[in-house]
Amino acid sequence: VQLPPAQVSPPGNLMSEWYLRYQPLRYGAVDPLLGGEASLEELCTAASLLGMQVIADCVFNHGAVVASKAEWEAAQSDAKLLEELKCRLDRAFAPELSREDFQWPWVCLEGGRWDDPEYTYEGWGCGEWSELRFCEHVVQVHIDHLQRLLRCGVRGFRLDAAKHMRPAHVKRYVDFLHREGAFVYAEVLSMDRSVHAQYEALGDGLQAVRSTDYILAKQLRDACRSPSHSSESPPLLARLAAISNGALGPQAVRFVRSHDTALNGGPAICGIDWSSAEDAKLAWAYLLAAPEGSVLLYEEDAAVPIVQRAVAFRRALAQQAALLSTDCKQAGDGVGNLEFDLGALPPSYDPVMLLVRQSDHGSGRGAPLGLVMFSFNPQQQQAQESQKSRKSSRSPSRWWQIVSASAAPPLPPLPWDLGDGARLNEVLGGQLQGDGSWRPRLAPGGVAEQSPPEPVRFFLIDAPRGDRTCTSQSLVLHYRSGWSTPHLHFGVQGKWTATPGWPLRRAPEPPGVASGSTGSWWAGQVPLAKGQGPIEFVLNDGGSCWDQPPGGGNYEADSPGDYILERGCLRRVEPQH
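Residues numbered from 1 in each chain as written. Predicted model: local features only at pLDDT ≥ 70, side-chain atom pairs only at ≥ 80, totals over all residues. Heavy atoms only, no water.

Q: Can you explain the packing of aromatic side chains? Please cite residues and give values.
A: Inspection of the entire model under this criterion finds 18 aromatic pairs. On the numbers, 5.5 Å between centres and 40° between planes, the contact of Phe313 with Phe458 is tilted. One end of the pair, Phe313, is in helix α11 (residues 305-331); the other, Phe458, is in strand β18 (residues 456-462), with 145 residues separating them in the sequence. Of the two residues, Phe313 and Phe458, both sit in the buried class. Seen from their ring centres, Tyr349 and Trp502 are 5.0 Å apart, and the 75° between their planes marks the pair as edge-to-face. Linking Tyr349 in the loop between β12 (338-343) and β13 (352-359) with Trp502 in strand β23 (residues 502-503), this pair joins segments that are 153 residues apart in sequence. The pair formed by Tyr349 and Trp502 is uniform in burial state, with each residue classed as buried. Linked through ring pairs, Trp18, Tyr19 and Tyr22 together constitute an aromatic cluster. The residue whose ring lies beneath Lys86 is Trp104, and the NZ or CZ to ring-centre distance is 4.4 Å. Here Arg113 stacks its cationic end above the ring of Tyr119, 4.0 Å away from the centre of that ring. (Phe/Tyr/Trp six-rings, centres within 6.5 Å; stacked < 30°, edge-to-face > 60°. Helix = DSSP H or I, 4+ residues; strand = E, 2+ residues; numbered from the N terminus. Buried < 20%, exposed > 50% of the residue type's maximum accessible area, 1.4 Å probe, protein only. Lys NZ or Arg CZ within 6 Å of the ring centre and 35° of its normal.)

Now the structure itself:
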């Protein structure tokens, strides 16, 4: 659980004037308006008993606002006014800090300067943030604040506005916290991967510094907001698959909405413009279902029922994986990480399915643990809402009605082969037991009856012991190209995608290829029904340039599997055992 900044700040309403918490006045105490140190200790103790970590938000880039931009601007040509404003700094921050601890000369940080290296580190945000100077006195005040929080039981830390502090300066705080064994992540509000990389590199190899993945948040917003019913838009499956590896990698701090994007009164930050928690619920469900990264869940959004089920599913998966790891160790087998595949059945590619499995060291096989079904189709959702309002007695599809008093129902058709005997248990939530442990709350009989069905459903997979492997029914294409936006245009059983096709995602170099050629590696995945094939395809740059076989026509793959296409040569990658 992440807390607002704990230092003393100007008083105000935390809901309507939330930004005041990000205007420090004194670091030498936990703000009595928040309950003080005793309340923080009590909270940390209670969280620890529930297996939760408390994360403190730390604002070390700047102090409270003591004058408006207009006043600071006028003071640049009025020595008397400048002295008056500096006296305000002395009075506001005494006895810990004085005017000598702030950045001079005053420079207004706004517009294009937010990301300009000439200004981003020393500029006064919006012309009014009281920008702190990096000096030993200021650093020691901040370290004392961190020690106070550690004594209260805090073990996680967010470094606010890290992008506006030089990486070498942030490293002083990171090194101290890592020596204390604390979790650290940096708020880096940027869409530039290279900016994030500077802060992620501050870890020591054993302990990472994670960064806030605003890039992924924007990609999720775009993927889930695109018109799925449009013939010119690739289906949701293709849009999600293009970002399935995340923007900053699986270790980043991920989110759909944050307090910055939700509460900011100006233009949408980085284009992340969800209108409400309800508006963002399906993106949250996807982000939480994918077992990667640290997910930062915004408090208001955590109250949405679908989001609560997604959290319970994620937690249940962790328990399933831990039990399986124990079994593997006892049997002397290796233990892989959790990974996921996206899939859907042609030709509609709706609903989208997400399969979570414990990997078998990159073999493409592994124990299936969970399944999520998403139906993001706007027309379908509108029809469902209309059905609700009319209180129609018409039943949904038969599969969703299955309820068995004795056993979970069999799996529906999937683009994966999970082996015989695999069954479903739908996750409806979670509950604490009398001994303090947590267990998922599952639907009686395996699958809950819903009319109409929810847009997202979460299931644990119960597979027989000794047969806990799954194989994909997808075609995975690895493609080297110099294009910036390559697309895969394909056809299955005579039905083709709308041009330009599905976007590919950047991918690492596949094994067994010659190094040194120009271009980057891209990848795309096309789920197929069992026994379905062949698949024909061509590639393009998203526009008018096409890549076809040297003799013309289409490339063709006769069965699911991994393929490499390079310089007009298509070959299948045989699985390694």
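Q: Let's hear about the sheet that holds strand β1 (residues 2-3): which residues, and what values?
A: On the basis of which strands lie adjacent, the open sheet formed by five strands has the order β1-β2-β7-β8-β9 and parallel pairing. Here the strands that pair on one side only, and so sit at the sheet edges, are β1 and β9 (210-211). With two bridges connecting them, β1 and strand β2 (residues 55-58) associate as parallel partners. The partner of Gln2 across the bridge, within β2, is Ile55. (Pairing = 2+ DSSP bridges.)

Q: Report on the nonpolar core, specifying residues and quantitative values.
A: Judged by nonpolar contacts, the single largest core of 73 residues is most densely connected at Phe313, Leu342, Leu354, Phe374, Phe490 and Leu539. No other element matches the nine residues that α11 contributes to this core. Apart from the residues lying within four places of it in its own chain, the contact partners of Leu354 are Tyr286, Ala289, Ala290, Phe340, Asp341, Leu342, Gly370, Leu371, Val372, Phe374 and Trp416. If you look at the next biggest cluster of nonpolar residues, it comprises 55 residues, including Trp72, Cys108, Val138 and Leu159. (Core = buried A, V, L, I, M, F, W, Y, C linked by side-chain atoms within 4.5 Å. Contact = heavy atoms within 4.5 Å.)

Q: Describe in detail the packing of helix α4 (residues 136-152) against helix α5 (residues 167-179), supporting the description with residues and values.
A: Between α4 and α5, whose axes approach to 11 Å, the crossing angle comes to 30°. The angle between α4 and α5 falls in the class roughly parallel. Seen from above, α4 lies across α5 with right-handed handedness. Between α4, through Glu136, Val139, His142, Ile143, Leu146, Gln147 and Leu150, and α5, the contact on the second element is made entirely by Arg172, Tyr173, Phe176 and Leu177. Its residues placed into classes, the contact of α4 with α5 shows seven nonpolar, two polar and two charged. (Axes fitted to C-alpha atoms, helices over the stretch in contact; angles between N-to-C directions. Parallel < 35°, antiparallel > 145°, perpendicular 65-115°, else oblique. Left-handed = near helix turned anticlockwise from the far one by under 90°. Nonpolar A, V, L, I, M, F, W, Y, C, P; charged D, E, K, R; others polar.)

Q: Account for helix α1 (residues 36-49), naming residues and giving values.
A: Given 3.6 residues per helical turn, the α-helix brings residues three or four places apart onto the same face. Its 14 residues place the ends of α1 21 Å apart at the C-alpha level, agreeing with the 20 Å of an ideal helix rising 1.5 Å per residue. Looking at α1, one finds that the buried residues are Gly36, Leu40, Cys44 and Ala47. The buried residues of α1 all sit within an arc of 100° when viewed along its axis, so they share a single face. The outward face of α1, more than 90 degrees from its buried face, is lined by the exposed residues Ala38, Glu42 and Leu49. As for α1, its buried residues are in contact with β1 and α4. (Expected span 1.5 Å × (residues − 1). Arc of directions from axis to C-beta.)

Q: How would you summarise a nonpolar patch on the surface if you had to cite specific residues and measurements?
A: Taken together, Val1, Leu43, Leu50, Met52 and Leu432 make up a surface patch of nonpolar side chains, about 420 Å² in accessible area. Locating Leu43 in the fold gives a position in helix α1. (Patch = residues over 30% accessible without salt bridge, like charges linked within 9 Å, V, L, I, M, F, W, Y side chains within 5 Å. Areas by Shrake-Rupley, 256 points an atom, 1.4 Å probe, with all protein chains shown as cover. Salt bridge = Lys/Arg side-chain N within 4 Å of Asp/Glu carboxyl O.)

Q: Residue-level account of the pattern of salt bridges, with values.
A: Evaluation of the coordinates by the stated rule reveals 27 salt bridges. Here Glu83 makes a salt bridge to Arg99, at a shortest N to O gap of 3.0 Å. Here Glu83, found in helix α3 (residues 79-93), pairs with Arg99, found in the loop between α3 and β4 (108-109); they are 16 residues apart in sequence, far enough to count as distant. What makes Glu83 partly exposed here is its relative accessible area of 37%. The buried category is assigned to Arg99, whose relative accessible area is 17%. Among the ionic pairs, Glu187 bridges to Arg158, the shortest N-O distance being 3.5 Å. Of this pair, Glu187 sits in the loop between β8 (183-186) and α6 (193-200) while Arg158 is found in strand β7 (residues 156-159), placing the two residues 29 residues apart along the sequence. Grouping residues by exposure puts Glu187 and Arg158 together as buried. Bridged by salt links that share partners, the residues Asp57, Arg158, Asp160, Glu187 and Asp260 form one connected network.

Q: Could you give an account of the sheet that holds strand β29 (residues 561-566), with specific residues and numbers?
A: Within the open sheet, the five strands sit side by side as β24-β25-β20-β29-β30. Their pairing is mixed. The sheet is open, and its two borders are formed by β24 (505-506) and β30 (569-573), each paired with just one other strand. Relative to β30, β29 runs antiparallel, the two being bridged by five bridges. Residue pairing for β30: Glu566 is matched across the bridge by Cys569.

Q: I'd like a description of the pairing of strand β21 (residues 487-492), backed by residues and values.
A: Most of β21 is tucked away: six of the six residues are buried. The two faces of β21 match: His487, His489 and Gly491 on one face and Leu488, Phe490 and Val492 on the other face are all buried. Summarising the sheet, β21 and strand β26 (residues 535-540) pair through six bridges and their orientation is antiparallel. Bridge assignment links Val492 to a residue of β26, and that residue is Ile535. Two strands pair when backbone bridges link them, and β21 and strand β22 (residues 495-496) are joined in this way by two bridges, in the antiparallel orientation. Looking across to β22, one finds that Gly491 is bridged to Trp496. Connecting β21 to the antiparallel partner β22 that follows it, the hairpin turn spans two residues, and Gln493 within it adopts a positive phi of roughly 50°.

Q: Run through the pairing of β2, naming residues and quoting values.
A: Alternating residues of β2 divide into Ile55 and Asp57 and Ala56 and Cys58, and every residue in both groups is buried. In terms of handedness, the path from β1 via α1 over to β2 forms a crossover that is right-handed. Note: β2 against β7, four bridges, orientation parallel. Pairing of Cys58 across the sheet is with Leu159, part of β7. (Right-handed = clockwise from strand over helix to strand, strands pointing away.)

Q: Any details on helix α7 (residues 214-225)? Residues and values, ideally.
A: Between the first and last C-alpha of α7 there are 16 Å, a value that for twelve residues agrees with the 16 Å anticipated at 1.5 Å per step. All of the buried residues along α7 are Tyr214, Ile215, Leu216, Ala217, Leu220, Arg221, Ala223 and Cys224. Buried residues in α7 make contact with α6, α8 (236-241), β10 (253-254), α9 (259-263) and α10 (281-289).

Purely spatial values, then, with no claim about function.
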